[in-house]
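Fold and contact review
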Amino acid sequence: MSEDRPPISWEALAAELASTREEAEERSGPDPGTWDAVAAELAARVAERPAPEGEVAPEPVAEPAPLPPPTVAAAAPAPPEPEPEPEPLDPAALRGGLEALLFVMDSPVDEVTLAEALHCPVPRVHAELAGLAEDYDRRSAGMTLRRAGEGWRLYTREEYAGVVERHLLEGQRSRLTQAALETLAVIAYRQPVTRARVAAIRGVGVDGVMRTLVSRGLVHEVGSDPDSGGGLYATTPLFLERLGLRGLDELPELGPLLPETSSVLDEHPDA
């Protein structure tokens, strides 16, 4: 349509509709095509109707964009629960623990190591060690606690050195029992050998005898058996010195020392 068309007049539109209806009735019935044309013209005029002054035509409302799905924040890992603090030792328990640790140590042990073993602060361990050493000195105990390098160690008191020396010398001069000699012979000829193997050869337990031989310095541990994990024992240089030997190759042949096979069968017919 032309842009200079006058604004729509509803009165004129009503009159036009009435005139059209009358013309249709005079023609003996309404013409559907006529009413379709009128409806189309009406729709076109209504669509082109200008908005009144001062009125802003509403802008089409855009559909809101869909919201993104909510993101679930990854849960932060829970912090590890702190380990419960060990209850502090009472003075008597702390002193007893220190004495036990110092007794089994064969070398000076530092205060940090003792504190870690007892779950105790280092300053408290230091104070308790000093008190323990003072207590030994005050009552002239048989042992004394002294610092050695960066650690602490128990020693026998000098006043009792004669008692210790006399005991050791008398023990060295005492004769070995028959059981100890037999055990020593097995070790000498089968070394290195485990304690269990020695016991199997002799047919009796040898724990006490082995402790005696070790304390005499005739036997010492030289490693562990890869199969059983048991300690391996061998003779010491003192053993050779006491027998007047320069090496194990000078040990007498074992064959001439064994009993005759016939006598063994007589004594053990089931063997």
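Everything below is about the structure printed above this text.
These lines cover the structure that appears in this document, whether it is placed above or below.

Analysis parameters
All residue numbers refer to position in the chain's written sequence, counted from 1. At least 70 in pLDDT is required for a residue's local features to be given in this predicted model, at least 80 for side-chain atom pairs to be given and counted, and no such filter applies to totals for whole chains, interfaces and linings, which use all residues. The basis for every side-chain value is the complete set of heavy atoms in the structure, and neither hydrogens nor water enter the calculation. Strand pairing is assigned whenever DSSP identifies at least 2 bridges connecting the two strands. Counting from the N terminus, the helices are DSSP H or I runs at least four residues long and the strands are E runs at least two residues long. The contact criterion used throughout is that any non-hydrogen atoms of two residues lie within 4.5 Å. Here the axes come from fitting lines to C-alpha atoms, over the contacting stretch only for helices, and the angles between their N-to-C directions go from 0 to 180 degrees. Within this document, salt bridges are pairs made up of a side-chain nitrogen of Lys or Arg and a carboxyl oxygen of Asp or Glu, the two lying within 4 Å of each other. Partly exposed describes any residue whose relative accessible area lies between the buried limit of under 20% and the exposed limit of over 50%, with all areas from a 1.4 Å probe on protein chains only and scaled to the type maximum. Directions are taken from the helix axis to each C-beta atom, and the arc is the one they span. In the analysis that follows, any N or O atom pair within 3.5 Å is treated as a polar contact, provided that within protein one partner can donate a hydrogen and the other can accept it, and provided that, for residues neighboring in sequence, both atoms belong to side chains. The cut-offs work like this: below 35 degrees is roughly parallel, past 145 is roughly antiparallel, 65 to 115 is roughly perpendicular, and the gaps in between are oblique. Any residue outside Ala, Val, Leu, Ile, Met, Phe, Trp, Tyr, Cys, Pro, Asp, Glu, Lys and Arg is labelled polar, Gly included; the first ten of those are nonpolar and the last four are charged.

In terms of strand pairing, strand S1 (residues 143-148) meets strand S2 (residues 151-156) through six bridges, oriented antiparallel. When the sheet's bridge partners are listed, Arg146 is paired in S2 with Arg153. Between S1 and S2, which pair antiparallel in sequence order, lie two residues; one of them, Gly149, sits at a positive phi of approximately 70°.

Attention shifts here to the sheet that holds strand S4 (residues 219-224). Sheet architecture is open: three strands sit in the order S3-S5-S4, paired in antiparallel fashion. The open sheet terminates on both sides in strands that have one partner only, identified here as strand S3 (193-194) and S4. As defined by bridge partners, S3 adjoins strand S5 (residues 231-235) across two bridges and the pair is classed as antiparallel. Paired with Thr194 across the two strands is Leu232, which belongs to S5. Against the sheet, helix H7 (residues 178-190) engages S3, S4 and S5, with an angle of about 95° to S5.

All chains considered together, the criterion is met by eight salt bridges. One salt bridge connects Asp135 with Arg138, and the closest N-O pair in it is separated by 2.4 Å. On the criterion of helical spacing, the pair formed by Asp135 and Arg138 is a turn pair, its members being three residues apart in helix H5 (residues 122-138). A relative accessible area of 15% places Asp135 in the buried class. A residue is classified by how much of its surface remains accessible, and Arg138, at 61% relative accessible area, is exposed. For Glu250, the salt bridge is made with Arg246, and the minimal N-O distance between the two is 2.9 Å.

Taken residue by residue, helix H4 (residues 111-118) has Glu111, Leu114, Ala115 and Leu118 as its buried positions. One side of H4 carries all its buried residues, which in axial view fall inside an arc of 100°. Of the residues flanking the start of H4, the one acting as N-cap is Asp110, its side-chain oxygen 3.1 Å from the backbone nitrogen of Val112. Count one or two residues on from H4 and you reach His119, which has phi positive near 50°.

What follows deals with the side chain of Glu111. Inspection of the secondary structure puts Glu111 in helix H4. A distance of 3.1 Å separates polar atoms of two side chains, one belonging to Glu111 and the other to Arg147. Once residues lying within four places of it in the same chain are set aside, the contact partners of Glu111 are Val122, Val125, His126, Leu129, Arg147 and Trp152.

Before going further, it helps to spend a moment on the packing of H7 against helix H9 (residues 207-215). Taken N-terminus to C-terminus, the directions of H7 and H9 make an angle of 75°; their axes are 10 Å apart at the nearest point. Here H7 is positioned roughly perpendicular relative to H9, judged by the angle of their axes. On H9, the residues that touch Ala179, Ala180, Thr183, Leu184 and Ile187 of H7 are Val209, Met210 and Leu213. Tallied by class, residues from the contact of H7 with H9 come to seven nonpolar, one polar and no charged.

This paragraph deals with the pairing of S5. Within S5, five of the five residues are buried, leaving the element largely enclosed by the surrounding structure. Alternating positions in S5 separate into two faces, Gly231, Tyr233 and Thr235 on one and Leu232 and Ala234 on the other, with burial throughout. Pairing geometry for S4 and S5, over five bridges, is antiparallel. Bridging from a neighbouring strand, Gly223 pairs with Leu232 of S5.

Distances and angles like these do not, on their own, reveal function.
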